[in-house]
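# Chain and residue survey
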Amino acid sequence: LHRYAVIGNPIEHSQSPTIHAAFAQQCGEAIDYGRILGDRHDFAGDVQRFFAQGGLGLNVTLPFKEQAWALVEERSERAEVAGAVNTLIALPDGRLRGDNTDGIGLVRDLADNHGFDFAGTRVLLLGAGGAARGALVPLLESGLRELVIANRTPERAHTLAALGSGAVPVSGCGFEALAGERFDLVINATSSGLSDTVPPIPADLLAVGGWTYDMLYGAEPTAFCRWGRAHGAACSLDGLGMLVEQAAESFRLWRGVRPRAAEVIAMLRAAD
Ligand code: ATR
């Protein structure tokens with residue numbers, strides 16, 4: 001059997017084995033996808049052992065994505081800019097390639113699963129940490145017209161904006177600078193939802209017909225989803241679809257076939 005796994009710490013709550021098992025069944029691919037509790041002091045050793053024992057690919061989750069980035073011998077451009085790797089691929093010559101599928105997962109969930117048309121839109125990304133950085137390149141390639149990054153610490157937003165290619169306008173600011181601004185899509189990549197709060201943003205931030213997207217997800221509507229509903233969002237989504245879509249892109253990189261993520265999203269939704 002072709003072996004894959006997700007490595008993180010903690011790892012017991014990871015949904016990745018369930019998601020990849022569903023993809024494998026859907027695509028008729030015989031894979032074995034496990035869970036590895038990574039050693040916080042020897043991530044590199046864990047990875048090396050997995051591949052030495054014939055493993056073909058790993059997903060990497062908290063807190064190892066940056067270490068995985070440093071470890072690999074080759075990176076995709078989106079992973080390069082993200083500064084983090086969530087997918088490890090064993091190359092035929094034995095080297096390790098790193099990719100980051102989080103951002104394309106976000107864009108595909110919005111565009112493919114929900115029909116959001118990025119063309120010509122003005123998009124606001126809240127947050128400038130790892131989650132925001134992972135989304136930067138795919139967002140800039142989505143067809144949007146302008147990206148604004150707002151963060152509690154404005155300096156970090158400026159730094160992240162400077163990583164943009166220059167082909168699409170992207171700027172950074174603090175939350176206060178959002179007064180009077182309107183966006184077609186507001187994406188929450190801050191960790192404020194973990195304490196069930198939203199960043200201090202203006203109540204009239206959404207353009208008519210504007211959407212909200214929270215990278216966080218849960219059985220109950222997240223704080224940012226509730227904010228969207230209360231402030232006129234035409235659609236307010238949580239991050240479950242992004243989770244499944246990033247997995248689908250990893251599966252495609254490993255197996256060469258792209259699963260139908262929507263079916264698996266519906267399955268997980270029903271299980272909640
Ligand atoms: P992650 O990998 O989840 O992005 P991170 O790199 O620690 O985690 O980044 C957390 C992000 O959430 C940052 O943008 C942080 O803002 P700062 O850069 O100013 O620290 C943001 N954040 C965390 N708690 C927040 C809160 N209560 N309100 C607003 N933003 C918050």
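Keep in mind that this is a model prediction, so the values were computed, not measured.

### A few points about the sheet that holds strand 7 (residues 122–126)
Strand order in the open sheet formed by six strands is 9-8-7-10-11-12, with parallel pairing between adjacent strands. Either end of the sheet is taken by a strand with one partner, and the two such strands are strand 9 (170–173) and strand 12 (235–237). With strand direction ignored, the average angle separating the axes of adjacent strands in the sheet is 20°. Where strand 10 (residues 183–188) and strand 11 (residues 206–214) come together, five bridges link them in parallel fashion. Looking across to strand 11, one finds that N188 is bridged to D214.

### Some details on the domain arrangement of the protein chain
Under the domain assignment used here, the protein chain contains domain 1 (2–100 + 242–271) and domain 2 (103–238). For domain 1 versus domain 2, the distance between C-alpha centres works out to 25 Å. Counting from both sides, the interface comprises 15 residues of domain 1 and, opposite them, 16 residues of domain 2. Where the side of domain 1 that touches domain 2 is concerned, the elements lending two or more residues are helix 4 (77–82), helix 9 (240–255) and helix 10 (261–271). With five residues, the single largest contributor to the side of domain 1 that touches domain 2 is helix 9. Considering only residue class, the side of domain 1 that touches domain 2 consists of seven nonpolar, three polar and five charged.

### Looking at the nonpolar core
With 81 residues, the main nonpolar core has L125 and I149 as its most contacted residues. The dominant element in this core, judged by the number of residues it contributes, is helix 9, at eight residues. In this structure, this core is formed jointly by two domains, domain 1 (2–100 + 242–271) and domain 2 (103–238), each of which donates at least three residues. Here I149 is in contact with L125, A128, A132, A157, L160, A161, V170 and G172, once residues within four sequence places are set aside.

Parameters at a glance
- Each chain has its residues counted from 1, following the order in which its sequence is written.
- With the structure being a predicted model, the display of local features is reserved for residues of pLDDT at least 70 and the display and counting of side-chain atom pairs for 80 or more, all residues being used for whole-chain, interface and lining totals.
- Here the rule is simple: two strands pair whenever DSSP picks up at least two bridges between them.
- A run of H or I in DSSP becomes a helix once it reaches four residues, and a run of E becomes a strand once it reaches two; helices and strands are each numbered from the N terminus.
- Note on geometry: axes are lines fitted to C-alpha atoms, helical ones only across the stretch in contact, with angles between N-to-C directions running from 0 to 180 degrees.
- Domain start and end points were adopted from an automatic or database domain assignment.
- Contact between residues is assigned whenever the C-beta positions, reconstructed from backbone atoms, fall within 7 Å.
- When residues are grouped by polarity, Ala, Val, Leu, Ile, Met, Phe, Trp, Tyr, Cys and Pro land in nonpolar, Asp, Glu, Lys and Arg in charged, and all others, Gly among them, in polar.
- Throughout this description, the term nonpolar core refers to a group of buried Ala, Val, Leu, Ile, Met, Phe, Trp, Tyr and Cys residues whose C-beta atoms join them within 7 Å.
- Every C-beta atom is placed from the backbone, and the number of other C-beta atoms within 10 Å of a residue's own sets its class: buried at 20 or more, exposed at 12 or fewer, partly exposed in between.

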